[in-house]
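As a plain string of letters, each chain reads:
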Amino acid sequence: MNSFLTAAARTLTSKRGSWLVLGGVVVVVALIFGLLSGAGEDRPTENAPADSESTQAQQILVEFPEADRQSVMVVASNDDGSELSADDQAQLKKLGSSLGQSVGDEADEKVTGPILSDDKQAALLMVPIEVGLTNSDTAETVDDLRTTIADDPTASGLTDEGMSLLVTGGPAIGADIASAFDGADFTLLIVTVVIVALLLIITYRSPILWLLPLIVIGTADGLASTVTAAVGDWLELRFDAGIISVLVFGAGANYALLLISRYREELRRIADHRTALAEAWTHTATTILASNLTVVLSLLSLVFAVIPGTRGLGITAAVGLIISAVAVLIALPPVLAICGKKMFWPFVPQVDDAVSVQNADGGATPAEAAPHSVRELGDRAADEAASAKPSVWRRIATRVVRKPWLHLGAGIVILGVMASGFIGSSIGLDQTEKFRVQSESAQGLDVLSEHFPPGESQPIWIVADTEHADEVVDSVGGLDGVVRASAIDEATVDGASVTKIMVTGEFEPDSAKGLELVEDIRGDVHAIDGADAEVGGAAATELDARDGNRADFFTIVPMVLVISFIILLGILRAPVAALTLLLVNVVSSAAAIGLGAFLSRTIFGQSALDAQVPILAFLFLVALGIDYSIFLAHRVKKESVVHGGRQGMVEAVAHTGGVITSAGIVLAGVFAALGMLPLMVLGQLGLIVGVGVLVDTIIVRTVIVPSIFGLAGNAVWWPNRAITHRSGEDSEPARQPEEKGRQQGESMHLLAEKEHAGSGSHRGRH
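If you're wondering where the values come from, they're calculated on a predicted model, not measured in any experiment.

A.B. asks: How would you explain the overall build of the protein if you had to name every residue and give the values?
C.D. replies: Summing up its helical and strand segments, the protein has 28 helices and 10 strands in all. Residues counted as buried form 55% of the 766 residues belonging to the protein. Of the roughly 31500 Å² of accessible surface on the protein, 57% is carried by carbon and sulfur atoms.

A.B. asks: Break down a nonpolar patch on the surface for me, with residues and values.
C.D. replies: Taken together, the side chains of Phe186, Ile190, Val194, Leu198 and Ile201 make up a nonpolar region of the molecular surface, amounting to roughly 450 Å² of accessible area. Its place among the elements puts Leu198 in helix H9 (residues 184–204).

A.B. asks: Please set out the sheet that holds strand E8 (residues 496–505) residue by residue, giving values where relevant.
C.D. replies: One open sheet accounts for four strands, arranged E7-E8-E6-E9; its pairing is antiparallel. Edge positions in the sheet fall to strand E7 (482–493) and strand E9 (534–537), since each has one partner strand and no second. Strand-to-strand, the axes of this sheet are offset by a mean angle of 25°, without reference to chain direction. Here E7 pairs with E8 via 10 bridges, running antiparallel. In the sheet register, Ala485 faces E8, and the bridge partner there is Val503. The sheet strands contacting helix H3 (residues 53–61) are strand E6 (460–465), E7, E8 and E9, and the helix crosses E9 at an angle near 85°.

A.B. asks: So what about helix H19 (residues 469–477)? Which residues, and what values?
C.D. replies: Inspection of H19 places Ala469, Val472, Val473 and Val476 among the buried residues, and these make up the whole buried set. Buried residues of H19, seen end-on, are gathered within an arc of 100° and therefore sit on one face of the element. In H19, the exposed residues that point more than 90 degrees away from the buried face are Asp470 and Asp474. Where H19 is buried, its residues contact E6, E7, E8 and helix H20 (512–526).

A.B. asks: Any chance you could break down the pattern of salt bridges for me, citing the residues and the numbers?
C.D. replies: In the structure shown here, the tally under the stated rule is 15 salt bridges. We note a salt bridge from Arg146 to Asp176, for which the minimum N-O separation is 2.7 Å. Separated by 30 residues along the polypeptide, Arg146 in helix H6 (residues 135–151) and Asp176 in helix H8 (residues 170–180) bring together distant segments of the chain. Neither residue differs from the other here; Arg146 and Asp176 are each classed as buried.

A.B. asks: Can you break down the pairing of strand E1 (residues 69–78) residue by residue, with the values?
C.D. replies: Within E1, seven of the 10 residues are buried, leaving the element largely enclosed by the surrounding structure. Where E1 meets strand E3 (residues 122–130), nine bridges bridge the pair, whose relative direction is antiparallel. What sits directly across from Arg69, in E3, is Glu130. Examined bridge by bridge, E1 and strand E4 (residues 163–168) share six bridges and lie antiparallel to one another. Its bridge partner being in E4, Val75 is matched across the sheet by Leu166.

A.B. asks: Which residues make up empty space enclosed by the protein, and what values go with them?
C.D. replies: Applying the stated criterion across every chain yields a total of seven cavities of 30 Å³ or more. Of the volumes computed, that of the largest cavity is approximately 160 Å³. Around the largest cavity, the lining is made up of 14 residues, and of these Leu258, Arg262, Thr284, Arg635 and Thr656 lie nearest the centre. Taken together, the elements giving at least two residues each to the lining of the largest cavity come down to helix H11 (241–267), helix H12 (273–300), helix H23 (613–643) and helix H24 (645–672). Broken down by class, the residue content of the lining of the largest cavity amounts to three nonpolar, seven polar and four charged.

A.B. asks: Can you tell me about the packing of helix H10 (residues 211–235) against helix H13 (residues 308–339), naming the residues and giving the values?
C.D. replies: Angle between the axes and distance between the axes are the two parameters that describe a pair of packed helices. It is at 8 Å that the axes of H10 and H13 come closest, and there the two elements cross at 150°. In terms of their interaxial angle, H10 and H13 are classed as roughly antiparallel. Classified by chirality, the crossing of H13 by H10 is right-handed. On the side of H10, the interface is formed by Leu212, Pro213, Val216, Ala220, Leu223, Ala224, Val227, Thr228, Val231 and Leu235, while H13 contributes Ile315, Thr316, Val319, Gly320, Ile323, Ser324, Ala327, Ala331, Leu332, Val335, Leu336 and Cys339. Taken together, the residues that form the contact of H10 with H13 break down as 18 nonpolar, four polar and no charged.

A.B. asks: Which residues make up the packing of aromatic side chains, and what are the values?
C.D. replies: Under the criterion given, the structure shown has six aromatic pairs. Centroid distance Phe553 to Phe554: 5.5 Å. Interplanar angle 85°. Geometry classified as edge-to-face. What makes Phe554 exposed here is its relative accessible area of 61%. Measuring from centroid to centroid gives 5.9 Å for Tyr628 and Phe631, while their planes differ by 70°, and the two rings are edge-to-face. One end of the pair is Tyr628 and the other is Phe631, both in helix H23 and three residues apart, which spans about a single turn. Of the two residues, Tyr628 and Phe631, neither departs from the other in class, the shared state being buried.

A.B. asks: Help me get a handle on the sheet that holds strand E2 (residues 112–116), residues and values and all.
C.D. replies: Pairing between the strands of a sheet comes from backbone hydrogen bonds, and it takes one of two forms, parallel or antiparallel. Taken in spatial order, the four strands line up as E2-E3-E1-E4 in an open sheet, and their pairing is antiparallel. The two strands at the open ends of the sheet, each matched to only one other strand, are E2 and E4. Neighbour to neighbour, the strand axes of the sheet diverge by 25° on average, direction disregarded. Of the strands in this sheet, E1, E3 and E4 are in contact with helix H18 (residues 440–451), which crosses E4 at around 110°.

A.B. asks: Hey, could you go over the nonpolar core for me, with residue numbers and the actual values?
C.D. replies: Leu336 and Phe620 are the most contacted members of the largest nonpolar core, which totals 148 residues. With 19 residues, H23 is the largest single contributor of residues to this core. Setting aside chain neighbours within four positions, we find Phe620 in contact with Ile243, Leu247, Leu299, Gly625, Phe671, Leu685 and Val689.

A.B. asks: So what about unusual backbone geometry? Which residues, and what values?
C.D. replies: Cis peptide bonds are those with omega within 30 degrees of zero, and the linkage from Trp345 to Pro346 qualifies with 10°. A positive phi angle is found at Asp532, which is not glycine, with a value near 50°. Turning to its location among the elements, Asp532 is positioned in the loop between H20 and E9. For Asp532, a relative accessible area of 63% gives the class exposed. At Arg573, a position not held by glycine, the phi torsion is positive, near 55°. Looking at the element boundaries, Arg573 is found in the loop between helix H21 (538–572) and helix H22 (575–604).

A.B. asks: Describe in detail helix H17 (residues 404–419), supporting the description with residues and values.
C.D. replies: Helix length check: H17 (16 residues) gives 22 Å between terminal C-alpha atoms against 22 Å at 1.5 Å per residue, within 8%. For H17, the full list of buried residues reads Pro404, Leu408, Gly411, Leu415 and Met418. Buried residues of H17, viewed axially, fall in a sector of 85°; they line one side. For H17, the exposed residues lying more than 90 degrees away from the buried face are Trp405, Leu406, Val413 and Val417. The secondary structure elements touched by the buried residues of H17 are helix H16 (392–402), H22 and helix H25 (680–712).

A.B. asks: Just give me the short version of the packing of H20 against H21, but keep the residues and values in it.
C.D. replies: In contact at an axis separation of 9 Å, H20 and H21 are set at 95° when each is read in the N-to-C sense. One way to sum up the angle between H20 and H21 is to call them roughly perpendicular. Contacts between H20 and H21 involve Leu515, Val518, Glu519 and Arg522 from the former and Ala539, Ala540, Glu542, Leu543, Asp544 and Arg546 from the latter. Broken down by class, the residue content of the contact of H20 with H21 amounts to five nonpolar, no polar and five charged.

The rules we used
- Residues numbered from 1 in each chain as written.
- Predicted model: local features only at pLDDT ≥ 70, side-chain atom pairs only at ≥ 80, totals over all residues.
- Heavy atoms only, no water.
- Helix = DSSP H or I, 4+ residues; strand = E, 2+ residues; numbered from the N terminus.
- Buried < 20%, exposed > 50% of the residue type's maximum accessible area, 1.4 Å probe, protein only.
- Areas by Shrake-Rupley, 256 points an atom, 1.4 Å probe, with all protein chains shown as cover.
- Patch = residues over 30% accessible without salt bridge, like charges linked within 9 Å, V, L, I, M, F, W, Y side chains within 5 Å.
- Salt bridge = Lys/Arg side-chain N within 4 Å of Asp/Glu carboxyl O.
- Pairing = 2+ DSSP bridges.
- Axes fitted to C-alpha atoms, helices over the stretch in contact; angles between N-to-C directions.
- Contact = heavy atoms within 4.5 Å.
- Arc of directions from axis to C-beta.
- 1 Å grid on protein atoms, 1.4 Å probe; cavity = no way out; pocket = protein on both sides within 12 Å on 5 of 7 lines; lining within 4 Å.
- Points joined across faces, edges and corners; volume = space filled by probe spheres on them.
- Nonpolar A, V, L, I, M, F, W, Y, C, P; charged D, E, K, R; others polar.
- Parallel < 35°, antiparallel > 145°, perpendicular 65-115°, else oblique.
- Left-handed = near helix turned anticlockwise from the far one by under 90°.
- Phe/Tyr/Trp six-rings, centres within 6.5 Å; stacked < 30°, edge-to-face > 60°.
- Core = buried A, V, L, I, M, F, W, Y, C linked by side-chain atoms within 4.5 Å.
- Expected span 1.5 Å × (residues − 1).

This is the structure:
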């Protein structure tokens with residue numbers, strides 16, 4: 001494996017190899033863009049599981065004649081809350097006739113109303129429209145209707161007198177969701193690019209360097225968009241392209257930060273920039289691959305999800321992250337090699353008392369340049385320690401390891417306070433709450449619920465055997481919470497006669513009582529022998545979607561935890577360390593969701609989280625948190641072989657604290673960009689993951705993990721004998737760099753003498 005990495009690093013960074021690889025990458029990218037251009041077919045939204053009752057009912061409903069025609073409502077009310085006069089009602093009747101002509105046929109046949117509310121303060125016009133296969137198709141029809149109303153002289157007269165006319169109802173809600181995304185993906189892309197660019201400039205403090213990873217990652221994002229669209233068409237997947245873009249940019253920036261940070265570190269030790277880059281690539285490639293594999297496998301576990309959108313997101317996001325890792329590991333190194341270390345200007349790293357190593361094309365290889373024996377490790381440790389400056393990360397780590405109980409207790413208190421934010425929160429948003437910015441249809445629903453039975457906006461639909469239809473209608477009509485139930489139409493589906501029944505409830509469709517009503521209706525109609533009744537509609541779909549998301553959470557979470565543990569164990573070869581990091585990550589993720597729930601109430605004014613948020617937030621927080629665990633623990637393991645467990649943690653935090661924190665800030669900023677999108681689910685997801693990543697990198701990786709490892713000492717690395725047999729050295733308190741360097745050098749030379757004498761029990765693997 002080491003020889004393969006060394007050969008790959010030489011190819012990617014040598015003078016000839018870097019140009020050949022970069023040229024090959026350009027050709028492959030151009031071919032993929034050319035072959036897959038035009039991919040990305042719109043598909044209807046499916047919120048509930050494919051085998052759910054609401055989905056089964058919908059599949060029968062679409063078989064009825066004119067199933068593509070549904071009604072939207074024009075809700076009329078005076079802005080001052082006064083009753084509608086007889087003249088108002090007459091003008092609405094006239095408007096209905098005009099709208100009836102605009103939708104295609106005689107008004108009396110097409111538009112119903114005005115239907116006056118009991119308090120006479122609102123009225124409804126029921127306008128049938130042709131709905132499209134997708135919400136985007138329907139949005140064009142709804143927009144045309146709204147334009148017709150705005151241009152109608154009768155409507156203009158009513159609005160001038162202080163009356164509002166709002167188009168709402170099921171098709172209008174779906175259309176507003178689709179319209180809200182017009183241009184949103186482009187806005188998200190621009191905001192994401194700006195955030196990443198600013199954070200990279202701040203991190204690198206160079207006016208040039210930030211452009212290189214940004215160009216590579218931006219190209220990877222475009223490629224991922226094209227490839228995932230093609231995969232979605234091939235597998236008929238439903239997914240949110242905005243989340244994939246955020247993941248590609250966030251993960252790509254993290255991988256680039258890790259590689260370039262190690263590159264800059266190696267430039268202070270190796271004069272030739274190509275050899276230094278090859279050395280950095282060799283040391284970081286396995287870490288990047290392991291962290292990428294963790295997130296990819298975690299996302300692929302979503303193939304077992306029952307919610308179509310969740311399953312589609314898992315597959316396509318995994319593809320996007322693979323592309324992101326390939327871009328950083330294959331395309332970025334040649335770019336860095338060709339540009340040279342001048343791109344770090346004005347802070348170009350310089351060699352500090354190091355021996356210049358020959359060019360990678362004809363001299364020592366990265367493997368040869370790196371120290372292998374314990375003697376060389378001791379020399380290198382002494383040299384590095386002697387020249388080391390006590391950075392803020394070293395000072396923090398030293399204090400944490402010296403007083404682990406104090407810092408661990410403080411960290412637990414902080415996480416506990418964060419987790420308490422979930423108190424008072426619930427799961428599931430109603431239709432009006434799902435918009436971050438209020439839409440016309442949502443405003444119409446609010447007015448409708450004030451003056452009419454809220455169930456008027458989105459009725460419950462039942463399909464039942466025609467012979468038992470009257471029995472179903474009578475039984476359902478007698479249930480508490482049902483305003484009315486009536487048979488609407490009859491059709492032959494798969495050789496059987498089926499009747500469509502419309503049920504209007506007195507509760508808001510997505511409210512707790514509205515969902516309970518759906519359960520009551522299902523229990524009632526399922527008890528009628530021979531009716532073969534299926535209950536669907538918007539409220540039933542929401543109920544099934546919430547049940548599906550709940551089932552997905554309890555199915556996917558254990559799989560993600562097992563995947564994460566196996567990968568950590570494979571990298572660290574220390575079960576105690578792997579389990580410790582995983583448990584800390586789970587607790588941190590739960591605390592972040594609690595804090596996110598509190599902030600959602602504070603910022604968005606929502607006491608509930610969308611049904612999809614818990615599973616997606618937990619998955620991203622755990623998988624991405626394991627990323628940072630791998631970044632840190634991989635370095636801790638190497639440093640612990642030389643310094644012992646406790647001091648090894650100090651050294652690891654000193655070297656990785658800056659890059660992990662920078663990576664966390666970049667990823668948090670990228671996820672925060674999801675708040676630009678119009679749906680509450682994306683805003684909440686971006687908020688929770690963004691805050692969680694910051695907490696994970698600043699508190700968990702800097703304080704809590706070092707505290708636990710400081711308490712456990714070398715024992716946490718069992719059964720790694722190269723670390724666990726260094727108990728005496730590990731028990732020493734952290735020293736100042738100069739003293740530490742002298743003593744470590746002496747210690748390593750003594751070990752080298754033992755090694756030379758034939759005792760290899762203390763030699764570690766690097």
